[in-house]
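Each chain is listed here by its residues.
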Amino acid sequence: MISCDEAAVISNKSQYKEASLSEKFKLKLHILFCGTCAVFSKKNKQLTSLMAKAKLCVMSDLDKKVLKQTIEEQL
Amino acid sequence: MIDRKIAMSVHKLQPNTWVDAYADYLFNYAVVRVSDEEIAKDLIQETFIAGLNSAKNFKGQATERTWLIAILKRKIIDHYRKINSKKGKAEVRLEYNASSDSDGDRLEEQVADPVSIAENDALENQELGLAIQSCMDQLPQNQRQVFTMKTVRGLSTEDICKELDINPSNLWVIIHRARKTLMGCLNQNWFTI
Ligand SMILES: [Zn+2]
């Protein structure tokens with residue numbers, strides 16, 4: 001049986017489709033016996049769908065650099 | 001993070017932290033409303049410049065972010081006013097030929113609420129998006145950076161490790177901390193568990 005730390009890593013990797021089949025199986029097995037990880041895993045999945053729903057966008061580092069320069073010049 | 005909390009509590013403007021602290025939040029706010037990333041970027045820049053120019057008007061009752069959002073809102077309305085008045089002038093000119101009593105006041109009436117113009121699915125999720133962004137902005141810098149690269153930009157583990165010179169297990173530790181903090185920061189109402 002894997003540890004809770006290992007279970008968390010697999011749960012996180014699953015959110016980015018980077019967990020292997022055997023890892024996912026180990027996680028499922030762990031969750032059967034560990035309520036804490038079951039809750040974490042479920043919430044983790046929900047966080048992933050919330051992120052997808054929110055469709056966030058970020059400014060590129062370059063754009064931010066330009067903005068910072070603009071502000072500094074005005075200060 | 002502690003520094004920022006102190007700064008927020010006395011509500012003093014700190015323009016040299018604006019970009020790191022608020023640019024993504026303002027950007028998401030604007031993108032949903034103008035539906036164009038380039039225009040949104042310009043509006044953020046105008047907002048920061050206007051903020052600097054009117055810094056003396058900052059009374060300190062609002063937080064910096066609330067204050068900047070108020071400026072951004074005006075910039076967005078101005079943006080739509082410009083678009084509408086270009087279109088509006090043509091319409092008025094056409095109408096002028098038909099009936100002589102049309103006047104310029106109608107232009108103002110034609111300026112629609114930008115929110116209703118950009119109404120779409122994205123706007124329904126605006127509240128969620130801003131709640132998440134607000135929580136992300138409070139993450140320690142390295143967690144915020146790695147989480148954003150991985151989750152918002154969708155970069156591969158390999159690329160992130162290469163760019164930041166960390167190994168995959170470092171990456172997963174950082175991702176774990178970030179996700180755990182976000183779960184705690186986001187209002188429980190967003191979750192069904
Ligand atoms: Zn466990």
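Conventions and cut-offs
Residues numbered from 1 in each chain as written. Chains lettered and ligands numbered in written order. Predicted model: local features only at pLDDT ≥ 70, side-chain atom pairs only at ≥ 80, totals over all residues. Heavy atoms only, no water. Helix = DSSP H or I, 4+ residues; strand = E, 2+ residues; numbered from the N terminus. Buried < 20%, exposed > 50% of the residue type's maximum accessible area, 1.4 Å probe, protein only. Contact = heavy atoms within 4.5 Å. Patch = residues over 30% accessible without salt bridge, like charges linked within 9 Å, V, L, I, M, F, W, Y side chains within 5 Å. Areas by Shrake-Rupley, 256 points an atom, 1.4 Å probe, with all protein chains shown as cover. Salt bridge = Lys/Arg side-chain N within 4 Å of Asp/Glu carboxyl O. Donors = N, O, S within 2.8 Å, 3.2 Å for Na, K, Ca; no water. Tetrahedral: all angles 85-135°; square planar, octahedral: opposite > 155°, others 65-115°. 1 Å grid on protein atoms, 1.4 Å probe; cavity = no way out; pocket = protein on both sides within 12 Å on 5 of 7 lines; lining within 4 Å. Points joined across faces, edges and corners; volume = space filled by probe spheres on them. Nonpolar A, V, L, I, M, F, W, Y, C, P; charged D, E, K, R; others polar. Expected span 1.5 Å × (residues − 1). Phe/Tyr/Trp six-rings, centres within 6.5 Å; stacked < 30°, edge-to-face > 60°. Lys NZ or Arg CZ within 6 Å of the ring centre and 35° of its normal.

Some remarks on the overall build of chain B
Item 1. Per the secondary structure count, chain B includes 11 helices and 0 strands.
Item 2. Counting helices and strands in the order they occur from the N terminus, chain B gives α-α-α-α-α-α-α-α-α-α-α.
Item 3. Taken over 193 residues, chain B has a buried fraction of 41%.
Item 4. Pairs at least 24 residues apart make up 65% of the contacts formed inside chain B by residues separated by at least 6 positions.

Focus on a nonpolar patch on the surface
Item 1. Where nonpolar side chains cluster on the molecular surface, the patch consists of A:M1, A:F25, A:L29, A:L32 and A:F33 and spans about 660 Å² of accessible area.
Item 2. For A:F25, the location among the structural elements is in helix α2 (residues 21-33).

Overview of unusual backbone geometry
Residue and element names in this part refer to chain A.
Item 1. Residue K17 is not a glycine yet carries a positive backbone phi of 55°.
Item 2. Within the fold, K17 resides in the loop between α1 (4-15) and α2.
Item 3. Among the residues examined, K17 registers a relative accessible area of 77% and is labelled exposed.
Item 4. Residue K55 is not a glycine yet carries a positive backbone phi of 45°.
Item 5. Structurally, the position occupied by K55 is in the loop between α3 (35-54) and α4 (61-74).
Item 6. A relative accessible area of 58% places K55 in the exposed class.

A short note on the coordination of the zinc ion
Residues and elements named next belong to chain A.
Item 1. Here the zinc ion is held by C4 (SG), H30 (NE2), C34 (SG) and C37 (SG), and the distances to it run 2.1 to 2.3 Å.
Item 2. Geometry at the zinc ion is tetrahedral, judged from the 4 donor atoms that bind it and their angles of 101 to 112° at the metal.
Item 3. Read from N- to C-terminus, the donor residues coordinating the zinc ion fall into the pattern C-x25-H-x3-C-x2-C. Remark: H30 occurs in helix α2 and C4 occurs in helix α1; sequence separation between them is 26 residues.
Item 4. The class of H30 is buried, set by a relative accessible area of 3%.

So, the layout of surface pockets
Item 1. By volume, the largest pocket is sized at about 320 Å³.
Item 2. Lining the largest pocket are 13 residues, and of these A:D61, A:K64, B:D20, B:Q141 and B:Q145 lie nearest its centre.
Item 3. Secondary structure elements with two or more residues in the lining of the largest pocket: α4 of chain A together with α2 (18-34) and α9 (141-152) of chain B.
Item 4. Broken down by element, the lining of the largest pocket gets its largest block of residues, 5 residues, from α9(B).
Item 5. Taken together, the residues of the lining of the largest pocket break down into 1 nonpolar, 3 polar and 9 charged.

A few points about α1(A)
Item 1. Over its 12 residues, α1(A) runs 17 Å from end to end, which matches the ideal 16 Å to within 8%, given 1.5 Å per residue.
Item 2. Those residues of α1(A) lying buried are A:A7, A:A8, A:I10, A:S11, A:N12, A:K13 and A:Q15.
Item 3. Of the surrounding elements, those touching the buried residues of α1(A) are α2 and α3 of chain A together with α11 (168-185) of chain B.
Item 4. A:K17, located one to two residues past α1(A), shows a positive phi value of around 55°.

What about the packing of aromatic side chains?
Item 1. By the definition in use, this model includes 4 aromatic pairs over all chains.
Item 2. Measuring from centroid to centroid gives 5.9 Å for A:Y16 and B:W172, while their planes differ by 50°, and the two rings are tilted. One end of the pair, A:Y16, is in the loop between α1 and α2; the other, B:W172, is in helix α11, on a second chain. With respect to burial, A:Y16 and B:W172 carry one shared label: buried.
Item 3. Ring geometry for B:F58 against B:W67: centres 5.0 Å apart, planes inclined by 70°, an arrangement best described as edge-to-face.
Item 4. Judged by relative accessible area, which is 12%, B:F58 ranks as buried.
Item 5. Assessed through its relative accessible area of 13%, B:W67 is described here as buried.
Item 6. Three or more aromatic residues link up through ring pairs in this structure, and these residues are B:W18, B:F48, B:F58 and B:W67.
Item 7. The ring of B:F191 has A:K43 lying over it, and the distance from NZ or CZ to the ring centre is 4.8 Å.

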